[in-house]
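Residue-level listing of the chains:
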Amino acid sequence: MTLYRNPKSGHCHRVELMLALLDIPYETIDLDMANGAHKAPEYLRISPLGQVPAIKDNGVALSDSNAILTYLVERYGDTTIWRGADPLEKAEVQRWLSIAAGEIASGPCAARLVTLFDADLDHEAAKARAHALFAVMEAHLNDRDWLASTHHPTLADIAGYSYIAHAPEGGVSLSPYPSIRAWLTRIEALPGFVGMARSPELA
């Protein structure tokens, strides 16, 4: 398994975290995105949109972090745990994967892109979206341990962890959200957990 990544990307980290939790051996290739390595023709054959992460696995090339998470658990994991044990749990996992691609990407992820990578985005709007999402998550996690299942972590938790754990790097404080912070701690206590490189926090 080869993982093409940027080591400060939460999209890449969610894949690394899943690889670690499933105990799948892999090697990493860090792309020099500042100099256009992600747009090189040889990489576009792996990731046609020029995005990270991407993987190569025994002849399979795949991009998009949530698609990769699904592939990993379908091929190497217990799908009843990671993707849901019944129709409602499966739907809840999918709902949170959509939130990861929507509200998380446009909220805490976007705020962090501004502060770490000088992205041309509305920082205040991104922070406001992050806090709106966190208010919903805080209420959701008030009386439960995990996002989609009441018993164990699923892909929902793995997809959500990275950018939320690193939200303070984008100027979004987690101090008002004790239930979210407790949820992050539970994920960090999972056997095999690996973190993402920390950057200076602004909140």
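Described in the following lines is the structure provided in the data block. Bear in mind the structure is a predicted one, so any value in this text is a computation, not a measurement.

Thresholds applied
- Residue positions within a chain follow its written sequence, with the count starting from 1.
- Local features are withheld for residues below a pLDDT of 70 in this predicted model, meaning they are given only at 70 or higher, and side-chain atom pairs are given and counted only at 80 or more; totals for whole chains, interfaces and linings count all residues.
- Side-chain calculation: all heavy atoms of the structure are included, whereas hydrogens and water are not.
- Lining residues are those with an atom within 4 Å of a point, where the points come from a 1 Å grid over the protein atoms alone and group into cavities, where a 1.4 Å probe fits but cannot get out, or pockets, open sets with protein on both sides within 12 Å along at least five of seven lines.
- Grid points are joined across faces, edges and corners, and a volume is the space filled by probe spheres set on the points.
- Starting at the N terminus, helices and strands are each numbered in turn, a helix being any DSSP run of H or I of at least four residues and a strand any DSSP run of E of at least two.
- Residue type decides the class: Asp, Glu, Lys and Arg count as charged, Ala, Val, Leu, Ile, Met, Phe, Trp, Tyr, Cys and Pro as nonpolar, and the leftover types, Gly among them, as polar.
- Only heavy atoms matter for contacts: two residues are in contact if any of them lie within 4.5 Å across the pair.
- Here the axes come from fitting lines to C-alpha atoms, over the contacting stretch only for helices, and the angles between their N-to-C directions go from 0 to 180 degrees.
- Here a crossing is taken to be left-handed if its near helix is turned anticlockwise relative to the far helix by less than a right angle, and right-handed if that turn runs clockwise.
- Oblique is the label for any angle not under 35 degrees, not over 145, and not in the 65 to 115 range, which are roughly parallel, roughly antiparallel and roughly perpendicular in turn.
- Strands qualify as paired when DSSP identifies two bridges or more between them.
- By definition, the crossover connecting two strands over a helix is right-handed if that path, from the first strand to the second, turns clockwise as seen with the strands pointing away from the viewer.
- Any carboxyl oxygen of Asp or Glu that lies within 4 Å of a side-chain nitrogen of Lys or Arg is treated as forming a salt bridge with it.
- The rule is simple: take the accessible area with a 1.4 Å probe, protein chains only, and divide by the maximum for that residue type; under 20% is buried, over 50% is exposed, in between is partly exposed.

## Brief notes about the layout of surface pockets
Thought 1: When its volume is computed, the largest pocket comes out at roughly 500 Å³.
Thought 2: Every residue lining the largest pocket is counted, 20 residues in all, and those nearest its centre are Ser9, His11, Met33, Val52 and Tyr163.
Thought 3: When contributions to the lining of the largest pocket are tallied by element, the ones reaching two or more residues are α1 (10-21), α3 (65-76) and α5 (87-117).
Thought 4: Partitioned by chemical class, the residues of the lining of the largest pocket number eight nonpolar, eight polar and four charged.

## Description of the environment of Glu16
Thought 1: Topologically, Glu16 is positioned in helix α1.
Thought 2: A C-alpha to C-alpha distance of 8.1 Å links Glu16 and Leu3, two positions 13 residues apart in sequence.
Thought 3: If we skip the residues at most four places from it in the chain, Glu16 touches Leu3, Arg5, Tyr26, Thr28 and Val194.

## So, the packing of α3 against helix α7 (residues 155-165)
Thought 1: In contact at an axis separation of 11 Å, α3 and α7 are set at 140° when each is read in the N-to-C sense. The handedness of the crossing between α3 and α7 comes out as right-handed. Contact with α3, carried on its side by Asn66, Leu69, Thr70 and Val73, involves Leu155, Ile158 and Ala159 of α7 and no other residues of that element.
Thought 2: Split by residue class, the contact of α3 with α7 holds five nonpolar, two polar and no charged.

## Remarks on the packing of α5 against α7
Thought 1: Packing of α5 against α7 leaves a shortest axis separation of 9 Å and a crossing angle of 5°. Judged on the interaxial angle alone, α7 and α5 are roughly parallel. Only Leu155, Ala156, Ala159, Gly160, Tyr163 and Ile164 of α7 make contact with α5, whose side of the interface consists of Val93, Trp96, Leu97, Ala100, Ile104, Pro108, Cys109 and Arg112.
Thought 2: When grouped by side-chain class, the residues that make up the contact of α5 with α7 number twelve nonpolar, one polar and one charged.

## What about the pairing of strand β2 (residues 27-30)?
Thought 1: Note that strand β1 (residues 2-5) and β2 share four bridges and pair parallel. Bridging across to β2, Tyr4 finds its partner in Ile29.
Thought 2: You can see the chain leave β1, run along α1 and come back into β2, and the turn it takes is right-handed.

## Some remarks on the pattern of salt bridges
In a structure, side chains of opposite charge can pair up when their charged atoms sit close to one another.
Thought 1: Within this structure, the stated rule accounts for eight salt bridges.
Thought 2: Here Glu92 and Arg95 are joined by a salt bridge, their closest N and O atoms 3.1 Å apart. Of the two residues, Glu92 and Arg95 both sit in helix α5, three residues apart, roughly one turn of that helix.
Thought 3: Notably, a salt bridge pairs Glu169 with Arg112, separated by 2.8 Å at the nearest N-O pair. Of this pair, Glu169 sits in the loop between α7 and α8 (178-188) while Arg112 sits in helix α5, and the two are 57 residues apart along the sequence.
Thought 4: Its relative accessible area of 0% is what places Glu169 among the buried residues.
Thought 5: The exposure class assigned to Arg112 is buried, which follows from its relative accessible area of 2%.
Thought 6: Here the salt bridges share partners, and the residues they tie into one network are Arg5, Glu16 and Asp30.

Geometric values such as these leave the question of function open.
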